[in-house]
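Spelled out, the chains give:
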Amino acid sequence: MSDKVTQLLDEKFDAIKTDFMGSITEYKKQSENWLYGWLLEMDQKVMVNGHEKSADVDDSSIRADLVNCPLDGKITLVHCFESEAYVPIGGTPFKIQPVKLVKSGQSKRYVDDGDPFEGTIGEDGTAIVQLDKNKYKGKLLRVYFYPDVTESDIKALLASYDGTQQKLMDWLAAEWEEQKSEWDDYLRNPIDVGHEVEKFIENMGIALLTAWDEISDLFNVLAHPTQLIETLKRFVDSEKLASVLEETKKKAAEMLNLLKDEARCFLLVKAAYCWLRMLSPVQIMNIVSMCLASLLVEVLMMMIIPGGKAVMKTIEQLRNAGSFAGAVS
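The following refers to the structure shown. (Residues numbered from 1 in each chain as written. Predicted model: local features only at pLDDT ≥ 70, side-chain atom pairs only at ≥ 80, totals over all residues. Heavy atoms only, no water.)

Details of the overall build of the chain
Helix and strand content of the chain: 11 helices and 10 strands. Counting contacts in the chain only where the partners sit at least 6 residues apart, residues at least 24 apart contribute 75% of the total. Carbon and sulfur atoms make up 57% of the accessible area of the chain, which totals about 20,400 Å². (Helix = DSSP H or I, 4+ residues; strand = E, 2+ residues; numbered from the N terminus. Contact = heavy atoms within 4.5 Å. Areas by Shrake-Rupley, 256 points an atom, 1.4 Å probe, with all protein chains shown as cover.)

With respect to the pairing of strand 5 (residues 74-81)
Counting buried residues in strand 5 gives 6 out of 8 residues, a clear majority hidden from the surface. Relative to strand 5, strand 1 (residues 43-48) runs antiparallel, the two being bridged by 5 bridges. Counted as the bridge partner of Lys45 is Cys80 from strand 5. (Buried < 20%, exposed > 50% of the residue type's maximum accessible area, 1.4 Å probe, protein only. Pairing = 2+ DSSP bridges.)

Quick notes on the environment of Asp115
Along the chain, the position of Asp115 falls in the loop between strand 7 (107-112) and strand 8 (117-120). For Asp115 and Val99, which are 16 residues apart along the polypeptide, the C-alpha to C-alpha distance reads 9.7 Å. Ignoring sequence-local partners within four residues, the contact set of Asp115 consists of Pro98, Lys135 and Tyr136.

Here's the deal with the packing of helix 1 (residues 3-21) against helix 9 (residues 262-278)
Where helix 1 meets helix 9, the closest approach of the two axes is 10 Å, and the angle between their N-to-C directions is 170 degrees. Of the possible angle classes, the one that applies to helix 1 and helix 9 is roughly antiparallel. In contact with Lys12, Phe13, Ala15, Ile16, Asp19 and Phe20 of helix 1, helix 9 contributes Leu267, Lys270, Ala271, Tyr273, Cys274, Arg277 and Met278. (Axes fitted to C-alpha atoms, helices over the stretch in contact; angles between N-to-C directions. Parallel < 35°, antiparallel > 145°, perpendicular 65-115°, else oblique.)

What about the sheet that holds strand 5?
Ordered in space as 2-1-5-9, the 4 strands form an open sheet in which the pairing is antiparallel. Where the open sheet ends on each side, the last strands, each with one partner, are strand 2 (51-56) and strand 9 (126-130). For this sheet, the mean inter-axis angle between neighbouring strands, taken without regard to orientation, is 15 degrees.

Re the pattern of salt bridges
For the structure on display, the rule yields 8 salt bridges. Here Lys270 and Asp19 are joined by a salt bridge, their closest N and O atoms 3.0 Å apart. In this pair, Lys270 sits in helix 9 while Asp19 sits in helix 1, placing the two residues 251 residues apart along the sequence. Taking relative accessible area as the criterion, Lys270 reaches 8% and is therefore assigned buried. With a relative accessible area of 24%, Asp19 lands in the partly exposed category. Between Glu177 and Lys180 there is a salt bridge, with the nearest N and O atoms lying 3.5 Å from each other. Taken together, the residues Glu177 and Lys180, both in helix 5 (residues 162-188) and 3 residues apart, mark about one turn of the helix. (Salt bridge = Lys/Arg side-chain N within 4 Å of Asp/Glu carboxyl O.)

Some remarks on helix 5
Taking 1.5 Å per residue as the helical rise, helix 5 with its 27 residues ought to reach 39 Å, and the 38 Å between its terminal C-alpha atoms agrees with that figure. Of all the bends in helix 5, the greatest, near 35 degrees, is centred on Glu178. All of the buried residues in helix 5 are Thr164, Gln165, Leu168, Met169, Leu172, Trp176, Gln179, Trp183 and Asp184. (Expected span 1.5 Å × (residues − 1). Bend = angle between axes of the 7 residues up to and from the residue.)

Comments concerning the side chain of Ser83
Residue placement: Ser83 occurs in the loop between strand 5 and strand 6 (93-104). Separated by 2.6 Å, the side chain of Ser83 and the backbone oxygen of Ala85 make a polar contact. When neighbours within four sequence positions are excluded, Ser83 is seen to be in contact with Met42, Leu157, Tyr161 and Asp261. (Polar contact = N/O pair within 3.5 Å; in protein donor to acceptor, adjacent residues only side chain to side chain.)

Describing the environment of Thr76
Within the secondary structure, Thr76 sits in strand 5. Look at Thr76 and you get partly exposed, because its relative accessible area is 29%. Discounting chain neighbours no more than four positions away, the residues touching Thr76 are Met47, Val48, Asn49, Ala127 and Ile128.

Any functional reading would require information that these geometric values do not contain.
As structure tokens, this is what we get:
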């Protein structure tokens, strides 16, 4: 690799690195955009004995869901950001109000049922409240929080992503080491349009054969419909199926928590964008070629095969069922 090429590639990666390492600053700036900033705005959350309630970061009053006062009168309150790491929001005033349900004709409402207990969340974002068991045990409690999220709280939140950002930066740096040879080859050898057209046709042929194999599998299942059913039935009441479903539930919960963490999602999307910027034009053309080939084959299948759209949809459903059966077998 010549000095000129090395310098050119170093400059390219330095620009990508600078862009990515400024992601948190960019996130804060974009979250303040009046048009779409609400999409990126972080949330705060409160917890009452493990029961969570989320709210916008600028809300100044949060009413938690009703909870029953335990027999020992112990209430644990938490106030923090809804983020990857635990980032407390301290100094938040709160009020614990006992209530009861009152019915009046067709309507019903909650009214106060005793004196409230007031206090302040500690700097660690928690407060352990010991209520008088004789006064509160068994009663319904409504907990109110009165947050005032400060600029220093926001800075602490954004600083908590330094570790995640560095891990992603290390990943990008490792990927770039592999990408250098791709860029060196591209810079030394101009794109051969004829060769790229041949690769497109080759990708289309692969996609066509794959689709044809899937259709053959579909017809095989239609000819022996009890085969897939029997495969799935064997695991309907099995412990392994229950284990798979439980694991799936955990993964879904993790994904939901990730989606709630807007700043982390922003970092992940930005890392993916920077990775795409590291691809050489030849690699991008290959990706486009494969995507277009698969899309064209799907369109052809829908046009040629009677009920083609329904067939392709059935293939996808059977693929999912087959993957599930394979997971538990």
